[in-house]
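Spelled out, the chains give:
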Amino acid sequence: MSTKLPEDIIPDNDQTRARASHLEEIEALVGNAYPNKFRRTNLAGSIEGEDTVTALASRETIKKIVGDERFAEAFTLLMSKVKAGARPTAEELEPVNARLGDINVRVSGRLATPPRVMGKVAFVHLSDGRERLQIYVKKQDAVAVSNDSGQPVEEDESGWKLFGLLDHGDFVGVEGFLFVTKTGELSVHVRELQFLSKALVPMPDKMHGIADPEIRQRRRYADLIASSLKVEAGDEQGEGEAAPRELSTREVFERRSKLVTAMRRHLDDNGYIEVETPMLSPIASGAAARPFKTHHNALDIDLYLRIAPELYLKRLLVGGFERVYELNRNFRNEGISTRHNPEFTMLEFYTAYKDVSWMMDFCEEMIRQATQSVAHGRIIPFANIEINFGIEFRRLTMKEAIAEYWPPYLSKLETEKGRMEEFEPAWLDDQVKVRALKELVDWAVPLPRQGEIFTEASVSEEGHAETERLVRVTEDFSPDPNKIYHEVIVHPSPIFQAVSMNWQAAVNEAQGITYQNEDEAAEANAKAVAAIFETVAEKNLIQPTFIKNFPKVVSPLSKASPDNPAIAERFELYVAGMEVANGFSELNDPAEQLERFEDQARQRERGDDEAMQMDLDYVRALSYGMPPAAGIGIGIDRLTMLLTNRRSIRDVILFPHMRPRQAAEEQSPAREEEAEARAEEAGGSDEGDAATA
């Protein structure tokens, strides 16, 4: 190799120098060390059209290849005995291997373990990223294949010499026959060994994989390798069935792919047509979010990466499509957190002649079926809880959810005159009190709850930020987190005093706020209710729950309720405290839509840079007539998090955006955590906000 790779790619150490030396010797032996292809057999008749390691490692596949009932019975009994931990006898092996020896296979893969040499024989496992298959190399039997001529290397013991130059992680192809070893492991007895690619750096540790989550996300290729090579406890000792384990990285993304396939199939089976809409748009519309901006040189115009495809899809309803969907990538130039990524995947679809109630029913059934198809069950483990997609999803209005999850320690509040007031849901309709409640919960919800017992784990994970806030307010407690929590539990009066003081201040401040007109006051009240919901209720919505009756002012593309013009016919689906879907009855009155856009423009003028932009062409489209319709956006990333038991959205995105390595190294872990906490709190537009924000 004439070009030397830099040290930040391949560190200079004994292991990498040995691998480089092996590569030079391999090139001298077989020529080109990076051949263009390797032909595999297709005895298994696999979907790939060739014999993969996974296909050949299957007992059912082997029985199918042999195609003999007597062999199938003997092979099944033999493998059952091995599974139970017993070694097969020579009498049991002989008839099985007599038939397997007639089967010649060509298979390839990565060396999943370091080669093991035992005198004049050697063993190693090949992996295709999912399964492993052992290969057996005998000194006098194996021949190396030249990558230049494709013919066997004319040198004594060439295969054995080539095997001695292999390193953990290399790719090889082998040709040989199948047999079962004395320990009961299905293997390939190698006749020809062909080198395919060299791993110039050592593989991750097989027992622990890659511990650093940042490295796993930044170098997903290494993460995938590590998870495929990782040995679970008991695997090497053959201790029978493995205990339930966490999904590997590959399994996470395979499950994600199956989820997309299941949801796409459900829509196809229900008469929907998949379409593609522009990812670059002259207007950042369809949701309330900050866009990414670029410039089209040929047209000399500024364009925006789409924040949602909604308005394009509804133009198709105008054009005559009655059921359309798109699996799309969206881009929002906002915060990054465990639940937010600037680039995310959404499934968005629209149905003519339906309303929000029908869409909730359809969404519930679709997610339930997808869960069953992908996870083979409807009860899914997530963190330390179980999510039950098999039960009927709850349906609450936004105000009902606030009332149900209102913090007990905020239920009784003292006024300046010393009179006790008890929280009532009716306060959410009171202009002064709803504003005061928003200020109160912004301050008070992070406080420890009276009577709660905090473990050391919860203190270490959550305690510092909450403690600092509490100390600033009460100034009665020691800065020691454990002591503070203890005193809160035993002496709750300082919490009550602090809450009451802040309530009185919040009421006084709210009474002093004036608005130019009733519309501005109604807008402020609606946004306060939505903010209170996010702070108080959202994180408590663990089992699948539809939240409905959103304020119209925060839903500029949805129809108003016939029963209450201030309420939008809109819902959001929450699971495990996360918004997963967002849908509504679509507004199709062009005059009202123009009025809503103008209202959004006024909000932008007042400093709301996430308010929706005017789209006059969309209003023009509505002027041609759009049928009544319902639409929804479902966040694929968050749904994948739930179905794979992953707490961070970056763990379900193959290549998430990361801070450049040098900048990341310069920023301390504490500052990283603080930045992520701010992003989590601000959140930006939730990924489920396909239909609006």
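Scroll up for the structure.
The structure reproduced in this document is the subject of the present report. The structure displayed is predicted, hence computed values, not measured ones.

## A look at the pairing of strand 15 (residues 385–388)
Note that strand 14 (residues 379–382) and strand 15 share 4 bridges and pair antiparallel. Bridging across to strand 15, Phe 382 finds its partner in Ile 385. In this structure, the hairpin formed by strand 14 and strand 15 is closed by a connection of 2 residues, where Ala 383 is found at a positive phi of approximately 55 degrees.

## Remarks on the sheet that holds strand 19 (residues 545–551)
If you trace the 8 strands from one edge of the open sheet to the other, you get 8-12-13-22-21-20-19-16, paired in mixed fashion. Only two strands of the sheet have a single neighbouring strand rather than two, namely strand 8 (273–274) and strand 16 (394–397). Relative to strand 20 (residues 567–575), strand 19 is paired through 6 bridges, and the arrangement is antiparallel. By the bridge assignment for strand 20, Pro 551 is matched with Ile 567. Helix 11 (residues 356–375) rests against strand 12 (323–331), strand 13 (343–352), strand 16, strand 19, strand 20, strand 21 (578–585) and strand 22 (629–635) of the sheet, and its axis sits at about 15 degrees to strand 20.

## Regarding the packing of helix 3 (residues 59–66) against helix 4 (residues 69–83)
Two elements in contact, helix 3 and helix 4, have axes separated by 10 Å at closest approach and are oriented at 160 degrees. What the angle tells us is that helix 3 and helix 4 run roughly antiparallel. In this structure, the crossing between helix 3 and helix 4 has a hand that is right-handed. Counting all contacts with helix 3, which are made through Arg 59, Ile 62, Lys 63 and Val 66, the residues of helix 4 involved are Phe 71, Ala 72, Phe 75, Thr 76, Met 79 and Lys 83. A breakdown of the residues in the contact of helix 3 with helix 4 according to their chemical character gives 6 nonpolar, 1 polar and 3 charged.

## As for the environment of Tyr 325
If you trace the backbone, Tyr 325 turns up in strand 12. Taking the relative accessible area as the measure of exposure, Tyr 325 reaches 0% and is therefore buried. For the pair Tyr 325 and Pro 309, spaced 16 residues apart in the sequence, the C-alpha separation amounts to 9.9 Å. Residues within four places of Tyr 325 in sequence aside, it is in contact with Arg 264, Leu 267, Asp 268, Tyr 272, Ile 273, Glu 274, Val 275, Leu 347, Glu 348 and Phe 349. A distance of 2.8 Å separates the side chain of Tyr 325 from the side chain of Asp 268, its partner in a polar contact.

About the criteria used
Residues numbered from 1 in each chain as written. Predicted model: local features only at pLDDT ≥ 70, side-chain atom pairs only at ≥ 80, totals over all residues. Heavy atoms only, no water. Pairing = 2+ DSSP bridges. Helix = DSSP H or I, 4+ residues; strand = E, 2+ residues; numbered from the N terminus. Contact = heavy atoms within 4.5 Å. Axes fitted to C-alpha atoms, helices over the stretch in contact; angles between N-to-C directions. Parallel < 35°, antiparallel > 145°, perpendicular 65-115°, else oblique. Left-handed = near helix turned anticlockwise from the far one by under 90°. Nonpolar A, V, L, I, M, F, W, Y, C, P; charged D, E, K, R; others polar. Buried < 20%, exposed > 50% of the residue type's maximum accessible area, 1.4 Å probe, protein only. Polar contact = N/O pair within 3.5 Å; in protein donor to acceptor, adjacent residues only side chain to side chain.

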